[in-house]
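Each chain, letter by letter, is given below.
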Amino acid sequence: MRRRSSSQWWKEWSSTSPDSAVFLPERFVAGGDALAHQADGRIAFIRGGVPGDEVVARAERVGSDWSRFVVDEVRRPSPARVVPPCQQRRDGCGGCDWQHVDPRVQLRSKVEIVRDAMRRTANLPDADIREGESVGHEGYRTTVRVIGDAQGVPSFRLERSHDLIGSHPCLVSHPLLQPILASALMPPGLEMVLRVSVASGEATASWNPKQGDVSGLPDHVRTGPDALLTESVAGYSFRVSSRSFFQSGPEAAQLLVSSVGRLIPELADADIVLDAYAGVGLFALAATSEKGRLIVLESSPFAISDAQVNLKNRISHIERVDVGRWRYQLEPNVDVAIADPARQGLRKQGVDALVSTRAPLVVLVSCDPVAMARDTALLGDSGYRHDGTEVHDVFPHTHHVECVTRFVLT
């Protein structure tokens, strides 16, 4: 069957509703929406669209240059569209916004999102962007955040809503989390972070006690400000406090450690390594040589405490500091700088901190493609050449992208 031309499908506006139109999504963009064009050439971002679809979508925001729409009806599905495998998502859960995308094309689509960001934001249309690896698509998350509903049931939010839906069962939550989600009772509106260890079976729960108390937790779940567990990555044990950041699970952590080692084989012989935004010391411990000296920077008091324990057998200087305010003032130069900033990226202050080390090699772990491209441009302005990016999927069924990038000082 022939597809409609732009003029044909735009004429169908009146046959849908005053604020709806028919669209042919073209490609995914950062943030997870699919890009399409209106009849007059203006850009439309289609939430819930898949490239290759023909959909009816209603307007959420109409602007002079671009507009945002949300899919109401799929008239002709893309070959890459599937029925969401999780009942919670089919009922509106907002946690996995790409469950309607075939898992076999999710990573490939994320690679194209990164290429687009590098072309538009870093002005590098020919950047070396490689498809990396993906964790398993089910049960991969060992940390979840839930909120109590009116009945006290741990719940997730509906998509783009304050309304709630129960969190059990959950397709992407690790099996060790499922009985905790099923038994816990919490005051309405209270938020709680649950984490489990694949290595030890330990579990922690963290919440603000000023907002109430949680009951029904299994006996093995540790609570309170000193709650912690031990996880294993790349043969190393890591203490992880309940309020410290950790990756989506140990499988994701292992994948990223391996990626860093592939892109920066020089780490095996590096004498001095900087690990900025170090968290609990994942890369400092698991991605570096035991012979090297470490400079470890982290702003979280909980994570820095964990890092001190995890790196107790390494020669290391561990400093609690905002990386953007830190500058290297010692000799000799750092051999390799590793940085794993939050979603907003390094920004100018973080780039200046890395540049102050005069490290010939920088490896950047990024969780936002546009921030990564912006950091690439900033590092380029400071003399660091982009030398390859691996794109990984550590949050399958979501639009979230993880990148590991190598930079060389020219």
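The residue numbering used here restarts from 1 in each chain and proceeds along that chain's sequence as written. At least 70 in pLDDT is required for a residue's local features to be given in this predicted model, at least 80 for side-chain atom pairs to be given and counted, and no such filter applies to totals for whole chains, interfaces and linings, which use all residues. The side-chain values count all of the structure's non-hydrogen atoms but skip hydrogen atoms and water molecules.

*Asks:* Would you take a moment to explain the overall build of the chain for this structure?
*Replies:* To qualify as a helix, a DSSP run of H or I must reach at least 4 residues; to qualify as a strand, a run of E must reach at least 2; elements of each kind are numbered from the N terminus. When its secondary structure is counted, the chain shows ten helices and 22 strands. Our radius of gyration looks at C-alpha atoms and nothing else; its globule reference is 2.2 Å times the residue count to the power 0.38. The C-alpha radius of gyration computed for the chain amounts to 23 Å, which stays within 12% of the reference 22 Å derived for 410 residues, consistent with globular compactness. When its C-alpha atoms are laid out on the principal axes, the chain stretches across 70 × 55 × 35 Å. For every residue, the accessible area obtained with a 1.4 Å probe (protein chains only) is divided by the maximum for its type, and the residue is called buried under 20%, exposed over 50%, and partly exposed between those limits. Across the 410 residues in the chain, those meeting the buried criterion constitute 53%. Summarising the internal contacts of the chain: among those between residues at least 6 apart in sequence, 60% fall at separations of at least 24. Note on contacts: a residue pair qualifies if any of its non-hydrogen atoms lie within 4.5 Å across the two residues.

*Asks:* For this particular structure, what's the right way to read the sheet that holds strand β16 (residues 272-276)?
*Replies:* Two modes of strand pairing occur in sheets, parallel and antiparallel, and in both the strands are linked by backbone hydrogen bonds. Judged by pairing direction, the sheet is mixed, and its eight strands sit side by side in the order β7-β21-β22-β20-β19-β16-β17-β18 without closing on themselves. Edge strands, defined here as strands with exactly one partner in the open sheet, are β7 (129-134) and β18 (316-320). Averaged over all adjacent pairs, the angle separating strand axes in this sheet is 15°, with direction ignored. Where strand β17 (residues 293-298) meets β18, five bridges bridge the pair, whose relative direction is parallel. Paired with L294 across the strands is S316, a residue of β18. At least two DSSP bridges between two strands are needed for those strands to be called paired. Every axis corresponds to a line fitted to the C-alpha atoms, with the helix fit spanning only the stretch in contact, and the corresponding angles, defined between N-to-C directions, vary from 0 to 180 degrees.

*Asks:* Could you clarify how one ought to interpret the layout of surface pockets in this entry?
*Replies:* Empty pockets left among the atoms are what a rolling probe the size of a water molecule brings to light. Both site types are read off a 1 Å grid over the protein atoms alone. A 1.4 Å probe that fits but cannot get out defines a cavity, while an open set with protein on both sides within 12 Å along at least five of seven lines defines a pocket; lining residues have an atom within 4 Å of a point. Grid points are joined across faces, edges and corners, and a volume is the space filled by probe spheres set on the points. By volume, the second largest pocket is sized at about 240 Å³. Lining the second largest pocket are 15 residues; nearest its centre among them are R27, F28, P51, S109 and E112. Elements with a contribution of two residues or more to the lining of the second largest pocket: β2 (27-28) and α4 (103-121). Sorting elements by how many residues they give to the lining of the second largest pocket places α4 first, with eight residues. The nonpolar class holds Ala, Val, Leu, Ile, Met, Phe, Trp, Tyr, Cys and Pro. Asp, Glu, Lys and Arg form the charged class, and all remaining residues, Gly among them, are polar. Classifying every residue of the lining of the second largest pocket gives seven nonpolar, two polar and six charged.

*Asks:* Is there a simple way to explain the side chain of T142 in this structure?
*Replies:* With respect to the element layout, T142 can be found in the loop between β7 and β8 (143-148). Residue classification places T142 among the buried residues on the basis of a relative accessible area of 1%.

*Asks:* Help me out: how do you make sense of the state of the cysteines in this one?
*Replies:* For this text, the term disulfide refers to a pair of cysteine sulfurs within 2.5 Å. Going through the model one piece at a time under the given rule, you end up with zero disulfides. Free of any disulfide, C367 has its nearest cysteine sulfur in C403, 9.3 Å distant. Given a relative accessible area of 17%, C367 falls into the buried group.

What is shown is where atoms sit, not what they do.
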